Amino acid sequence: MKKWQIQQPDEAAAKNIQANSDLSLFCAELLTVRGYRTIEETASQFSCPALSDPFLIRDMQAAADCLNAAIDSGEKICVYGDYDCDGVMATVILYSYLMELGADVVYYIPERSEGYGMNLNALETLKAQGVSLIVTVDNGIAALEEADWIAEQGMRLVITDHHQPYSTLPAAVAVVDPHRVDCPSPFSLFCGAGLALKLVAAMDGGDMTFALEQFGDLAAIATVADVVSLTGENRFLVQQGLRLLANTERPGLLALLELTGMQGKTLTATNLAFTLAPRINAAGRFGSPKLAVSLLLAETMEEAMPLAKQLEQCNRQRKEAEADILQEIQEQIQEHPELIQQRVLLFSGKDWHHGVIGIVAARLEEQFGKPVMVLTIEGEQARGSARSFGDFSVFACLDACRSHLTKYGGHPGAGGFSLSAAEIPAFFAAVQQYAAEQFPHMPQMTLQADRLLLPQDLTIENIASLSVLEPYGEGNPAPVFAICHAVLEAIQPLSGGLHSKLKLRYGSLYLDVLLFRVSPDAVGLPLQSMCDFLVTAECKTFQGRPQLSLIVKDYRRSGISQAKYFAAREAYETVCRKEPLPDAYYAAMTPTRSELVQVYRHLPETPLAMDTLFIQLQSQYNYGKLRLILDIFAELKLIQMDVWKETVQRLPVTGTVQLEQSAILAEIQEKTGRVSYDK
């Protein structure tokens, strides 16, 4: 179970915003939850009428002049990109434009096995090919040594990058990075493709119109895929890019839209993130990024469709590899449940595909609500990917454990690292020690709801009025609403049982809500029970009529005291880690014989969600005591626990079981000084 935080609108500020705009009161209330108090504050983030002058970005003039001069003099230019979706799109934008101008141009994108950014082997190859000018897209700001090497060879370098610069900039003709401390650009949150678009405009004299019309579709996909903030100029860029995508004539994109079933449908930032972006990324993970570039440069559908099908195959391989790794991790957890009681979850396996371990880490982080690190062991070396949230910074943790690493980098929410396989046990121990010292109480993953929806709020007019806030993405997430104390009337299977439709009675309303990736038998909610839901809401048209579409993000039985639940869960995990607790905690968690008997009799012979069991018994047991009781039963083979699915069921018993045979029970009794039970 995850922590929920349900926000409350500022009614006075909402009325002020509504009075000075054409927004609905419902929309204005949501804006106040997100920190806006006036229409001026709102307009600064949501009303961007155009992209700003590219020459406001430091060194953009020098970069444009250098490239234009190189074209005129017939120099050989290389666009040096990156293997992710942003790097691919940025490469295609700049390479295509230079080709249109008649430049002698090649592109180079390193394979994932080469690692991110410039490398000397690639640079030596480019020099041998006669390249005299290299322009980077989506990389280069950290390439201090490579920049020096390029200068020593008499070559020139232009850098365009959107990552944070070091205190020392690389030696280059131009370093275009809006995060430079001396950059006067009014907006700095572009992705690499957004900067490539600005560079194209700068080379064309500064007017953004041509660049946006030619390449806005590619820049929009990259902006969504790279999870940069969809505010300010990025918001305008994605809005325009979605318009262009709806009418695109680019064969590569048309082929992808056809294969993903999106052709002719309304395109949003959200479905770009879940359809086109993963397939472009899959090329760099399970094929070559050159495959994605070739697709986007294709001039006919006959050329594009086979390439798109190859990308589709790469994406299927990505899903299969991801599923295989998750299956191995599930088996590790089933065999060693203590793995998920740690402050930071750490998993390793041999020859897991390094292109998907980051995705796996993100999925595990969401499933278990804890920071996660996933490592693949490749011979004597290992590399890993980490994901986190809240105050627990991945980069700070890796930095504190750097003595065990050969390479690391990242930011608070994510990072990558390499180390010797022999160092893995020491590294794991160091991570847990760092977490224990810095975070006696680990951050709780918190799901934010913009507001509570009462039955009278659930109208098509209210939900439709929020469309002005689109596109949704980083910095402007799709609204999430809480529906509390709804009665579950029915559960129906969808897509052969892969998903579920829940029928709810909410006051006088009857609602259908969709629950994806959860089968009906895994919902874990009894019919006619009162439940709470976090949902997203949108208006869709069905048979020519508008209707509400509600999709569940999280759910649980009504009546849970979050503070007590998470305090008890933390105490339980502390006991599992054999770390000390105040004596009173042990007394509160130690079960009596009658409590053990009562819980056992309550358990069904079919799987029951542990959280559901807790809800049913919460008036008598805190979460920590209940979990210890289940651990005792599992140890004695009285029940089967699936700690991955978090379910429990009673097993058939053929003989007498002695409670005192439980080492778990004996240990917790020793902490409280209680005597052993009778047989």
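Remember, it's a predicted structure, so these values are computed and weren't measured experimentally. (Residues numbered from 1 in each chain as written. Predicted model: local features only at pLDDT ≥ 70, side-chain atom pairs only at ≥ 80, totals over all residues. Heavy atoms only, no water.)

(A) Highlighting the overall build of the protein chain. Each helix and strand counted, the protein chain has 25 helices and 21 strands in total. For 679 residues, the compact-globule estimate of 2.2 N^0.38 gives 26 Å, and the protein chain sits close to it at 28 Å. A principal-axis box enclosing the C-alpha atoms of the protein chain has dimensions of 95 × 60 × 50 Å. Burial analysis of the protein chain (679 residues in total) assigns 53% to the buried set. Counting contacts in the protein chain only where the partners sit at least 6 residues apart, residues at least 24 apart contribute 66% of the total. (Helix = DSSP H or I, 4+ residues; strand = E, 2+ residues; numbered from the N terminus. Rg over C-alpha atoms; globule rule 2.2 N^0.38 Å. Buried < 20%, exposed > 50% of the residue type's maximum accessible area, 1.4 Å probe, protein only. Contact = heavy atoms within 4.5 Å.)

(B) Just the side chain of Lys-625, in detail. With respect to the helices and strands, the residue Lys-625 is situated in helix α24 (residues 623–635). Assessed through its relative accessible area of 10%, Lys-625 is described here as buried. Apart from the residues within four sequence positions on either side, Lys-625 is in contact with Ala-588, Met-589, Thr-590, Pro-591 and Glu-595.

(C) Up close: empty space enclosed by the protein. By the definition in use, this model includes one cavity of 30 Å³ or more. Here the largest cavity is characterised by a volume of approximately 200 Å³. If you go around the largest cavity, you meet 16 residues; those closest to its centre are Lys-370, Met-442, Gln-444, Glu-570 and Glu-573. Counting residues per element, the lining of the largest cavity draws most heavily on helix α20 (residues 562–576), at five residues. In terms of residue class, the lining of the largest cavity is built from six nonpolar, four polar and six charged. (1 Å grid on protein atoms, 1.4 Å probe; cavity = no way out; pocket = protein on both sides within 12 Å on 5 of 7 lines; lining within 4 Å. Points joined across faces, edges and corners; volume = space filled by probe spheres on them. Nonpolar A, V, L, I, M, F, W, Y, C, P; charged D, E, K, R; others polar.)

(D) Geometry of the environment of His-162. With respect to the secondary-structure elements, His-162 resides in the loop between β5 (156–160) and β6 (174–176). Owing to a relative accessible area of 8%, His-162 belongs among the buried residues under this scheme. Between the C-alpha atom of His-162 and that of Leu-454, which follows or precedes it by 292 residues, the distance is 43 Å. Not counting residues within four places of it along the chain, the set of residues in contact with His-162 comprises Asp-86, Asp-138, Asp-177, His-179, Phe-190, Cys-191, Gly-192, Leu-195, Asp-226 and Val-228. A distance of 3.2 Å separates a polar atom in the side chain of His-162 from the backbone oxygen of Phe-190. Polar side-chain contacts of His-162 include one of 3.3 Å to the side chain of Asp-226. (Polar contact = N/O pair within 3.5 Å; in protein donor to acceptor, adjacent residues only side chain to side chain.)

(E) Inspection of the sheet that holds strand β10 (residues 407–410) at higher detail. Read across the sheet, five strands follow the order β7-β8-β9-β11-β10 without closing on themselves; strand pairing throughout is mixed. At either margin of the open sheet sits one strand with a lone partner, and together these are β7 (345–350) and β10. For this sheet, the mean inter-axis angle between neighbouring strands, taken without regard to orientation, is 15°. Of the strands in this sheet, β7, β8 (372–378) and β9 (381–387) are in contact with helix α16 (residues 357–368), which crosses β9 at around 45°. (Pairing = 2+ DSSP bridges. Axes fitted to C-alpha atoms, helices over the stretch in contact; angles between N-to-C directions.)

(F) Spatial organisation of the environment of Asn-139. Mapped onto the fold, Asn-139 is located in the loop between β4 (133–137) and α7 (144–152). A relative accessible area of 0% places Asn-139 in the buried class. Between the C-alpha atom of Asn-139 and that of Pro-306, which follows or precedes it by 167 residues, the distance is 30 Å. In contact with Asn-139, not counting residues within four places along its chain, are Tyr-80, Gly-81, Asp-82, Tyr-116, Gly-117, Met-118, Ile-159, Thr-160 and Asp-161. In terms of polar contacts, Asn-139 uses its side chain to reach the backbone carbonyl oxygen of Val-137, at 2.9 Å.

(G) How the structure looks around the pairing of β8. Among the seven residues that make up β8, six are buried, leaving the element largely enclosed by the rest of the structure. The sheet contact formed by β7 and β8 spans six bridges and is parallel. If you follow Ser-348 over to β8, its bridge partner there is Leu-375. Read from β7 through α16 to β8, the crossover connection turns out right-handed. Pairing geometry for β8 and β9, over seven bridges, is antiparallel. Considered in β9, the bridge of Leu-375 is made with Gly-384. (Right-handed = clockwise from strand over helix to strand, strands pointing away.)

(H) View of the sheet that holds strand β21 (residues 647–650). Overall, antiparallel pairing links the three strands, which are arranged β19-β21-β20 in an open sheet. Each edge of the open sheet is held by one strand with a lone partner, namely β19 (608–609) and β20 (639–642). Note: β20 against β21, four bridges, orientation antiparallel. By the bridge assignment for β21, Met-641 is matched with Val-648. The strands that α24 touches are β20 and β21; relative to β20, the one it contacts most, it runs at about 120°.

(I) Structural detail: unusual backbone geometry. Pro-471 follows Glu-470 through a cis peptide bond whose omega is 5°. Note that Pro-471 resides in the loop between α19 (460–464) and β14 (481–494). Phi is positive for Asp-351, which is not a glycine, with a value near 55°. Tracing the backbone through its elements, the reader meets Asp-351 in the loop between β7 and α16. Residue classification places Asp-351 among the exposed positions, given a relative accessible area of 60%.

(J) Local environment of the nonpolar core. Ranked by internal contacts, the top residues of the largest apolar core, which has 106 residues, are Ile-77 and Leu-364. Counting residues per element, this core draws most heavily on helix α15 (residues 301–335), which supplies eleven residues. If we ignore the near neighbours within four places in the chain, the residues touching Ile-77 are Leu-67, Ala-70, Ile-71, Leu-98, Ala-103, Asp-104, Val-105, Val-106, Val-131, Leu-133 and Val-135. One finds Leu-458, Ala-486, Leu-511 and Val-535 within the second-largest nonpolar core, a separate group that totals 37 residues. (Core = buried A, V, L, I, M, F, W, Y, C linked by side-chain atoms within 4.5 Å.)

(K) Quick peek at the packing of aromatic side chains. Here the structure, examined in full by the defined rule, presents 19 aromatic pairs. Aromatic side chains Phe-368 and Trp-644 sit 5.8 Å apart centroid to centroid with 70° between the ring planes, which places their arrangement in the edge-to-face category. Of this pair, Phe-368 sits in helix α16 while Trp-644 sits in the loop between β20 and β21, and the two are 276 residues apart along the sequence. Owing to a relative accessible area of 13%, Trp-644 belongs among the buried residues under this scheme. Both rings, one in Tyr-565 and one in Tyr-623, keep their centres 4.8 Å apart while their planes meet at 55°; by these two values the pair is tilted. Taken together, the residues Tyr-565 in helix α20 and Tyr-623 in helix α24 connect sequence positions 58 residues apart. (Phe/Tyr/Trp six-rings, centres within 6.5 Å; stacked < 30°, edge-to-face > 60°.)

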